Amino acid sequence: MCDRYAPSEIPVRESLREREFSERGGAMEEKLIERLEAAVVRLEAISAVQPGNSPASRGDATAMDSSTVAYDDLISQYVGRVSAAAEKIGGQVLDSTKILAEAFAVQKELLVQLKQTQKPDVAGLAEFLYPLNEKIMKASAMTEGRRSDFFNHLKTVADSLTALAWIAYTGKDCGMSMPIAHVEESWQSAEFYSNKILVEYKNKDPNHVEWAKAMKELFVPGLRDYLKCHYPLGPVWSATGKQVVSAPTKASAASGTAAPLPPPASLFSSESSKSSPSQAKGGMSAVFQEINSGKSVTAGLRKVTDDMKTKNRVDRTCVVGATEKESHGSSSSVSKTRTPKLELQMGRKWIVENQIGKKDLVITDCDAKQSIYIFGCKDSVLQIQGKVNNITVDKCTKMGVLFKDVVAACEVVNCSGVEVQCQGSAPSISVDNTAGCQLYLSKDSLETAITTAKSSEINVLVPGAGQDDDWGEHSLPQQYVHVYKDGQFVTTPASHSGG
């Protein structure tokens, strides 16, 4: 059987077939390239609007991580409970609670931002935390001025908000406790006033009691447990995020140039002390120069006539007027004002003297070999953060003392209207010659021996059996009945009808 084509025609047919295939292949490649280009355009358009690729959307993704979601739950559960109780009370309590809620909302925003921000320096950190600090200062300002009927509520909010400063923790050398310990310490300061609310409104208004309990749960365990799960070692900054730039001064902003800030003045060197010698030299040298010049220095002085002399003046008598007495009295009272002290002497004894209106006195660096002597203080609050050997409160009025543990005893002598709270243990507490004393005991100090002498209005408050139970208030007797029986006197507390 012969072939269909002659041998000479086969190469021609093959070349035609290859050309046809190449033309078809080129057309297919062009169509494929067009389709690929169209697909690339579509992908670019999609990626341009995709949430994960813009800075704002990356912030939204950060806002949805587990720590932020948990913080939202903290706000809705715990802050919401405090706000609900404050709505029922109203007034300044509601205003301060709104500041509390705003502060927690600000901290949530800061937690989202720090995940996209590099760790700043000290100046940058202050600039970064300024919105939060503004809320804390706003709450603190509500406690100043004329004392409010809800002062304990306002102080509870102001002192507890310092717990949010845990976000400023930068390491063990930053001068503050680790976040969890910082929250607990801040609440211990606020709990002093929160306990007063529980006692005052125990049988008067349950809304205030609910508010105080909700405040405690917000920080302990609320915020504390949150930090245990998400930030036990402090805030986590971004390694590749944006940098915090501190705000320029007004002068540099007006000039348009970033002028360097002047170095801060030292506390131990005063510019006035440096310039005063030259100024004094110039002034006094001018006076001496005028005297030595030979000019008539007395030319401008008035001549003293006989009727101007003291011995001839009729308005000078030996009778002392009432206004003069008042002026002497006021000057003597000012001269009796003593210098406030808060210092450690000889490494063994802390001296706290003449503190008036100081609500933020704190002793942190103390040990079990040191004693604390508080004398002549008025309308102040002292916190002792640590175990000490002995505490003595002498001649103080409206003084609050908050301590953890004491080795020997806590003594209150010659005082009026003082409040002492023991958060740990104390073998004995003695109250001598004192009118009005509130003692707050913890569960670890219920076996404390309390000794009273020549004192009145001594009340002891003890915690309830459960965590949510109210504090129990017990009044110590100040009157006794002595009966001679079986050859000796038997002494019992006096009981009154209806008591």
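In this text the structure is predicted, and so the values were computed from the model without any measurement.

Asks: Looking at this model, I keep getting lost on the overall build of the protein. Mind explaining?
Replies: Assigned secondary structure in the protein consists of 12 helices and 14 strands. Counting all 499 residues of the protein, 33% fall into the buried class. Carbon and sulfur atoms provide 54% of the accessible area of the protein, an area that totals close to 31,400 Å².

Asks: So what exactly am I meant to see when it comes to the state of the cysteines here?
Replies: What we call a disulfide is simply a covalent bond connecting the sulfur atoms of a pair of cysteines. Summed over all chains, the structure comprises zero disulfides. Left without a disulfide partner, Cys 396 is nearest to the cysteine sulfur of Cys 377, which lies 4.6 Å away. By relative accessible area, which is 1% here, Cys 396 ends up buried.

Asks: When you look at the confidence of the model for the protein in this model, what are you seeing that I'm missing?
Replies: Low pLDDT means the predicted atomic positions in that stretch should not be read closely. For the protein, per-residue confidence averages 77 on the pLDDT scale, and 69% of positions sit at 70 or higher. Mean pLDDT across the secondary structure elements of the protein bottoms out at helix H10 (residues 250-255), with 40, and peaks at strand S7 (residues 416-422), with 94. In the model, residues 1-5 has pLDDT below 50 throughout and makes one contact with residues more than four positions away in sequence or in other chains. Note that pLDDT drops below 50 for residues 249-284; the model gives that stretch six contacts with residues more than four away or on any other chain.

Asks: What am I meant to see in the nonpolar core here?
Replies: A general tendency of soluble globular proteins is for nonpolar side chains to be buried together. Membership of the largest hydrophobic core comes to 53 residues, with the highest contact counts inside it found for Leu 100, Phe 104, Trp 211, Phe 219 and Leu 223. Listing elements by their share of this core, those giving two or more residues are helix H3 (66-89), helix H4 (91-114), helix H5 (122-128), helix H6 (130-141), helix H8 (179-200) and helix H9 (206-230). Broken down by element, this core gets its largest block of residues, 11 residues, from H9. Beyond its immediate chain neighbours, meaning those up to four positions away, Trp 211 contacts Val 82, Ala 85, Ala 86, Ile 89, Val 93, Thr 97, His 153, Thr 156, Val 157 and Ile 197. Counting 33 residues, the second largest nonpolar core, distinct from the first, contains Cys 410, Ile 429, Ile 458 and Val 462.

Asks: What is the right way to look at the pairing of strand S9 (residues 435-440) in this model?
Replies: When S7 meets S9, the two strands line up parallel, connected through five bridges. For Val 418, the partnering residue across the bridge sits in S9 and is Cys 437. Pairing geometry for S9 and strand S11 (residues 456-462), over five bridges, is parallel. Bridging from a neighbouring strand, Ala 435 pairs with Ser 456 of S11.

Asks: Would you explain the packing of aromatic side chains in this entry?
Replies: The relation between two aromatic rings is expressed through the spacing of the ring centres and the mutual angle of the planes. Per the counting criterion, the structure on display carries 12 aromatic pairs. Geometrically, the ring pair formed by Tyr 440 and Trp 471 is edge-to-face, given 6.1 Å between the ring centres and 70° between the ring planes. Placement of the pair is Tyr 440 in strand S9 and Trp 471 in the loop between S11 and strand S12 (472-475), with a sequence separation of 31 residues. We note that Tyr 440, like Trp 471, is buried.

Asks: Help me out: how do you make sense of H8 in this one?
Replies: Its 22 residues place the ends of H8 32 Å apart at the C-alpha level, agreeing with the 32 Å of an ideal helix rising 1.5 Å per residue. A large share of H8 lies buried, amounting to 16 of its 22 residues.

Asks: Is there a simple way to think about H9 in this case?
Replies: An α-helical turn contains 3.6 residues, so any two residues separated by three or four positions project in the same direction. Taking 1.5 Å per residue, 25 residues should reach 36 Å; H9 reaches 34 Å between its end C-alpha atoms and fits that length. Along its length, H9 reaches its greatest deviation from straightness, about 30°, at Glu 217, and the proline Pro 221 lies no more than four positions downstream. Its side-chain oxygen at 3.0 Å from the backbone nitrogen of Asn 207, Asp 205 defines the N-terminal cap of H9.

Asks: I'm lost on the pairing of strand S6 (residues 397-413) in this one. Help?
Replies: Each regular strand carries side chains that alternate between the two faces of the sheet. Here 13 bridges tie strand S5 (residues 378-394) to S6, and the two strands are oriented parallel to one another. Residue pairing for S6: Val 381 is matched across the bridge by Gly 400. When S6 meets S7, the two strands line up parallel, connected through five bridges. When the bridges of S7 are listed, Phe 403 appears paired with Cys 422. Of the strand pairs in this sheet, S6 and strand S8 (residues 428-432) are connected by five bridges, and their pairing is parallel. For Ala 409, the partnering residue across the bridge sits in S8 and is Ser 428.

Asks: Can you walk me through the pattern of salt bridges in this structure?
Replies: Opposite charge on two side chains lets them pair, provided their charged atoms get close. Under the defined criterion, the tally for this structure stands at 11 salt bridges. A salt bridge links Lys 155 to Asp 159; the nearest nitrogen and oxygen atoms lie 3.6 Å apart. With Lys 155 and Asp 159 both in helix H7 (residues 151-160) and four residues apart, this pair spans about one turn of that helix. Taken individually, Lys 155 and Asp 159 each receive the classification buried, so the pair is uniform in this respect. By sharing partners, the salt bridges in this structure join Arg 81, Glu 210 and Glu 217 into a single network.

Asks: Can you walk me through the layout of surface pockets in this structure?
Replies: Over the atoms, a rolling probe the size of a water molecule traces out where space has been left empty. Each pocket or cavity is described by its volume, and for the largest pocket that value is around 640 Å³. Every residue lining the largest pocket is counted, 27 residues in all, and those nearest its centre are Trp 187, Glu 191, Asn 195, Lys 216 and Trp 471. Of all the secondary-structure elements, those providing two or more residues to the lining of the largest pocket are H8, H9 and S7. Ranked by residue count, the leading element in the lining of the largest pocket is H8, at seven residues. Here the residues of the lining of the largest pocket are counted per class, giving eight nonpolar, nine polar and 10 charged. For the second largest pocket, the calculated volume is near 540 Å³. Lining the second largest pocket are 21 residues, with Asp 159, Thr 162, Ser 189, Asp 360 and Gln 383 sitting closest to its centre. Mapped by element, the contributors of at least two residues to the lining of the second largest pocket are H6, H7, H8 and S5. Taken together, the residues that form the lining of the second largest pocket break down as four nonpolar, 10 polar and seven charged.

Reading the values: the criteria
Residues numbered from 1 in each chain as written. Predicted model: local features only at pLDDT ≥ 70, side-chain atom pairs only at ≥ 80, totals over all residues. Heavy atoms only, no water. Helix = DSSP H or I, 4+ residues; strand = E, 2+ residues; numbered from the N terminus. Buried < 20%, exposed > 50% of the residue type's maximum accessible area, 1.4 Å probe, protein only. Areas by Shrake-Rupley, 256 points an atom, 1.4 Å probe, with all protein chains shown as cover. Disulfide = S-S within 2.5 Å. pLDDT = per-residue confidence, 0-100. Contact = heavy atoms within 4.5 Å. Core = buried A, V, L, I, M, F, W, Y, C linked by side-chain atoms within 4.5 Å. Pairing = 2+ DSSP bridges. Phe/Tyr/Trp six-rings, centres within 6.5 Å; stacked < 30°, edge-to-face > 60°. Expected span 1.5 Å × (residues − 1). Bend = angle between axes of the 7 residues up to and from the residue. Polar contact = N/O pair within 3.5 Å; in protein donor to acceptor, adjacent residues only side chain to side chain. Salt bridge = Lys/Arg side-chain N within 4 Å of Asp/Glu carboxyl O. 1 Å grid on protein atoms, 1.4 Å probe; cavity = no way out; pocket = protein on both sides within 12 Å on 5 of 7 lines; lining within 4 Å. Points joined across faces, edges and corners; volume = space filled by probe spheres on them. Nonpolar A, V, L, I, M, F, W, Y, C, P; charged D, E, K, R; others polar.

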